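Overview (structure and organization)
Here is what each chain is made of, one letter per residue.
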Amino acid sequence: MKYLILFVLPLLIMSADYETQKYDVVLKDNNFEIRYYPSVLKAKVISENGANNNFMKLFKYISGNNSNNQKIAMTTPVYLSKEDNINSIEFVMPAKHNMDNISKPNDENIKIYESKAGHYASVRFSGWGNRKKIKNYSNILYDKLNVLDIKHIGSPYFVSYNSPYKVFNRRNEVMVKIEYNTNPQ
């Protein structure tokens, strides 16, 4: 019984439900979606360091390395991007926080900001994300946008919704900001 508890308890903790960033689905076609995202508070690290180092900085911030020694709940998704050897990782802050009540990071590399509302296109995939999959699904995303004659803005994000310990039914996406008119003339 003792070993069963030692095995099951971490699985239950690691599979906990996290608050997920809200969005409205505007168009859906299989694993492709166009979504509208309202503004949200995010914490971001940009550096030439690898994604793991940046992740740890943000994880330490939400674990209490901040001006109030406050623990901030983990949310989903986590946004990752890479452009010109510059890595970026972003955590979405819980909805109860705003610029007035969020604890300030002790690490000067962490920036807290409010994202702009906007439309994004995404392609969902399962399993583990890796460079080959991200490139493949980015190409699928761009092909779909070309067919729909929708212009993308900037580079894509790899978006992960699961803890690294989740093995089955993983949810990943490649997303990109788009120019999208909900009222075509």
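Read on for an overview of the structure.

Points about the overall build of the protein chain
Looking only at helices and strands, the protein chain features three helices and 11 strands. The N-to-C order of helical and strand elements in the protein chain reads α-β-β-β-β-α-β-β-β-β-β-α-β-β. In the protein chain, which comprises 185 residues, the proportion classed as buried is 35%. A sequence separation of at least 24 residues applies to 69% of the contacts in the protein chain between residues at least 6 apart. Split by element, the accessible area of the protein chain, about 11600 Å² in all, is 54% carbon and sulfur.

Quick look at the sheet that holds strand 10 (residues 152-160)
To summarise the sheet geometry, strands pair through backbone hydrogen bonds and adopt either a parallel or an antiparallel arrangement. As summarised here, the arrangement of the nine strands in space is 2-3-9-11-10-6-7-4-8, forming an open sheet in which the pairing is antiparallel. Strands at the two margins of the open sheet, each flanked by one partner only, are strand 2 (24-29) and strand 8 (110-114). Between one strand axis and the next, the sheet turns by 25° as a mean value, whatever way the strands run. Across the sheet, helix 3 (residues 131-147) lies against strand 2, strand 3 (32-37), strand 6 (78-83), strand 9 (118-125), strand 10 and strand 11 (172-178), angled at about 130° from strand 9, the strand it touches most.

Remarks on unusual backbone geometry
The linkage connecting Thr 76 with the following residue, Pro 77, adopts the cis geometry, with an omega of 0°. Of note, Pro 77 is situated in the loop between strand 5 (75-76) and strand 6. Look at Asp 84: it is not a glycine, yet its phi comes out positive at around 55°. Mapped onto the fold, Asp 84 is located in the loop between strand 6 and strand 7 (86-92).

Quick notes on the packing of aromatic side chains
Counting across every chain of the model gives seven aromatic pairs. Centre to centre, the rings of Tyr 37 and Tyr 120 are 5.5 Å apart; their planes meet at 85°, and the pair counts as edge-to-face. With Tyr 37 in strand 3 and Tyr 120 in strand 9, the pair connects residues that are 83 residues apart, well separated along the chain. Across the pair, exposure class does not vary: Tyr 37 and Tyr 120 are buried alike. Between Phe 125 and Tyr 137 the ring centres are 4.4 Å apart and the planes differ by 5°, which places this aromatic pair in the stacked class. On the criterion of sequence distance, the pair formed by Phe 125 in strand 9 and Tyr 137 in helix 3 is long-range, its members being 12 residues apart. For the cation-ring pair, Arg 35 lies above Tyr 23, with the distance from its terminal atom to the ring centre recorded as 4.2 Å. The ring of Trp 128 carries Arg 170 above its face, with NZ or CZ at 3.8 Å from the centroid.

Some points on the side chain of Lys 42
Inspection of the secondary structure assignment puts Lys 42 in strand 4 (residues 41-47). There is a polar contact of 3.3 Å between the side chain of Lys 42 and the side chain of Glu 90. Excluding residues within four positions of it along the chain, Lys 42 makes contact with Gln 21, Tyr 79, Glu 90, Phe 91, Val 92, Met 93, Lys 111, Ile 112, Tyr 113 and Ser 115.

Scoring rules and cut-offs
Residues numbered from 1 in each chain as written. Predicted model: local features only at pLDDT ≥ 70, side-chain atom pairs only at ≥ 80, totals over all residues. Heavy atoms only, no water. Helix = DSSP H or I, 4+ residues; strand = E, 2+ residues; numbered from the N terminus. Buried < 20%, exposed > 50% of the residue type's maximum accessible area, 1.4 Å probe, protein only. Contact = heavy atoms within 4.5 Å. Areas by Shrake-Rupley, 256 points an atom, 1.4 Å probe, with all protein chains shown as cover. Pairing = 2+ DSSP bridges. Axes fitted to C-alpha atoms, helices over the stretch in contact; angles between N-to-C directions. Phe/Tyr/Trp six-rings, centres within 6.5 Å; stacked < 30°, edge-to-face > 60°. Lys NZ or Arg CZ within 6 Å of the ring centre and 35° of its normal. Polar contact = N/O pair within 3.5 Å; in protein donor to acceptor, adjacent residues only side chain to side chain.

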